[in-house]
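Tertiary structure, described
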Amino acid sequence: MSPAGRPKAEKPKSNRFSVRLDDETEKKLEIYCKEHNITKGEAIRQGIHLLLQKK
């Protein structure tokens, strides 16, 4: 019998994080995500990587 459900992710995202945004920043994030066809989570992950590269 084959296992049911989704296949296991190579790098599962098990850590959750909550952040508060003002309305203007939230709108900018939504627009960016729609233009680049990515999720808010992915946009935030990319932003964190950009900040870490600036060292």
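Above this text you will find the structure in question.
Only a predicted model underlies this, so the values are computations on that prediction, with no experimental measurement involved. (Residues numbered from 1 in each chain as written. Predicted model: local features only at pLDDT ≥ 70, side-chain atom pairs only at ≥ 80, totals over all residues. Heavy atoms only, no water.)

Applying the stated rule across the entire model yields four salt bridges. A salt bridge links Lys 40 to Glu 26; the shortest N-O distance between them is 2.5 Å. Placement of the pair is Lys 40 in helix α2 (residues 40–53) and Glu 26 in helix α1 (residues 23–36), with a sequence separation of 14 residues. Relative accessible area serves as the criterion here: at 35%, Lys 40 is assigned to the partly exposed category. Relative accessible area serves as the criterion here: at 23%, Glu 26 is assigned to the partly exposed category. Salt-bridge contacts for Arg 45 lead to Glu 42; the nearest nitrogen and oxygen are separated by 3.3 Å. In this pair, Arg 45 and Glu 42 both sit in helix α2, three residues apart, roughly one turn of the helix. A relative accessible area of 32% places Arg 45 in the partly exposed class. Look at Glu 42 and you get partly exposed, because its relative accessible area is 29%. One network of salt bridges, with partners in common, ties together Glu 26, Glu 30 and Lys 40. (Salt bridge = Lys/Arg side-chain N within 4 Å of Asp/Glu carboxyl O. Helix = DSSP H or I, 4+ residues; strand = E, 2+ residues; numbered from the N terminus. Buried < 20%, exposed > 50% of the residue type's maximum accessible area, 1.4 Å probe, protein only.)

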